[in-house]
Amino acid sequence: DGGITQSPKYLFRKEGQNVTLSCEQNLNHDAMYWYRQDPGQGLRLIYYSQIVNDFQKGDIAEGYSVSREKKESFPLTVTSAQKNPTAFYLCASIDRMYNEQFFGPGTRLTVL
Amino acid sequence: AQTVTQSQPEMSVQEAETVTLSCTYDTSENNYYLFWYKQPPSRQMILVIRQEAYKQQNATENRFSVNFQKAAKSFSLKISDSQLGDTAMYFCAFFGAGSYQLTFGKGTKLSVIP
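Predicted model, so just to flag it, every value in this text is computed and none were measured.

Draft legend 1. Local environment of the packing of aromatic side chains. Going through the model one piece at a time under the given rule, you end up with 18 aromatic pairs over all chains. Members of the aromatic cluster, each reached through a chain of ring pairs, are Tyr33(A), Tyr35(A), Tyr48(A), Phe103(A), Phe35(B), Tyr37(B), Phe91(B) and Phe104(B). Residue placement shows Arg68(A) over the ring face of Phe74(A); its charged tip is 5.9 Å from the ring centre.

Draft legend 2. Broad picture of the interface of chain B and chain A. Contact with chain B, which involves 18 residues of that partner, is made by 23 residues of chain A. Roughly 1,900 Å² of surface becomes buried between chain B and chain A when both sides are summed, with 53% attributable to carbon and sulfur atoms. For chain B, the biggest contributors to the area lost against chain A are Arg43(B), Tyr100(B) and Gln101(B); these three give 34% of the whole. Taken together, the connections running from chain B to chain A amount to 0 salt bridges. Along the contact surface separating chain B from chain A lie 7 residue pairs in polar contact (both at pLDDT 80 or more). For the side of chain B that touches chain A, the secondary-structure elements that each account for two or more residues are β5 (32–39), β6 (46–52), β10 (88–96) and β11 (101–104) of chain B. Here the element with the most residues in the side of chain B that touches chain A is β5(B); it accounts for 4 residues. Considered class by class, the residues forming the side of chain B that touches chain A number 10 nonpolar, 5 polar and 3 charged.

What counts and what doesn't
Residues numbered from 1 in each chain as written. Chains lettered and ligands numbered in written order. Predicted model: local features only at pLDDT ≥ 70, side-chain atom pairs only at ≥ 80, totals over all residues. Heavy atoms only, no water. Phe/Tyr/Trp six-rings, centres within 6.5 Å; stacked < 30°, edge-to-face > 60°. Lys NZ or Arg CZ within 6 Å of the ring centre and 35° of its normal. Contact = heavy atoms within 4.5 Å. Buried area = accessible area lost by both parts, 1.4 Å probe. Salt bridge = Lys/Arg side-chain N within 4 Å of Asp/Glu carboxyl O. Polar contact = N/O pair within 3.5 Å; in protein donor to acceptor, adjacent residues only side chain to side chain. Helix = DSSP H or I, 4+ residues; strand = E, 2+ residues; numbered from the N terminus. Nonpolar A, V, L, I, M, F, W, Y, C, P; charged D, E, K, R; others polar.

Function cannot be inferred from these measures alone, as they are strictly geometric.
The structure is reproduced here in structure tokens:
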């Protein structure tokens with residue numbers, strides 16, 4: 001089955017630690033996205049990548065970093081510079097034929 | 001930059017009744033797409049319906065239909081014969097072909113009452 005996987009489902013981090021959230025897709029989509037979701041805020045774009053080895057900042061990129069070494073993978077690192085990282089994180093890829101985004105199941109990050 | 005506004009934070013509807021969720025947007029782009037996504041308690045984002053801006057005909061998907069008013073920049077979602085499984089957060093989203101980004105509204109929490 002084609003789709004997007006994210007791991008882990010739940011992640012706990014101590015203050016001052018970097019953590020990396022995994023996102024993998026087997027849909028053969030070129031573009032991938034990372035969103036953050038907070039209560040009452042909807043989804044906000046962190047980073048996106050249209051092709052391998054290229055990515056752009058979204059609206060709230062500060063404190064985050066990404067890489068795109070493979071078409072299938074787009075990991076997100078939440079660094080210690082992110083002051084309020086507790087949130088739900090969603091990864092997505094886009095079908096360019098219909099400009100429709102497909103979403104992974106998400107990762108819930110909690111800072112202890 | 002695009003903005004998407006959903007003016008109804010919460011709504012409720014009786015089972016089998018019809019409900020309309022509102023969405024307005026602002027953009028200077030001519031080539032864009034509009035979407036409604038559903039997020040049930042599982043938090044999985046599910047596409048409900050999509051509309052291409054160049055199409056005048058309103059999109060429909062079974063019990064879901066939209067009222068797309070391009071000049072007014074309005075994109076409302078109508079759910080007919082509401083079912084308990086429709087209980088979820090609903091997000092309106094704008095995709096600009098030029099910006100290559102999806103912009104979301106803050107969502108409407110819909111509760112279907114038995």
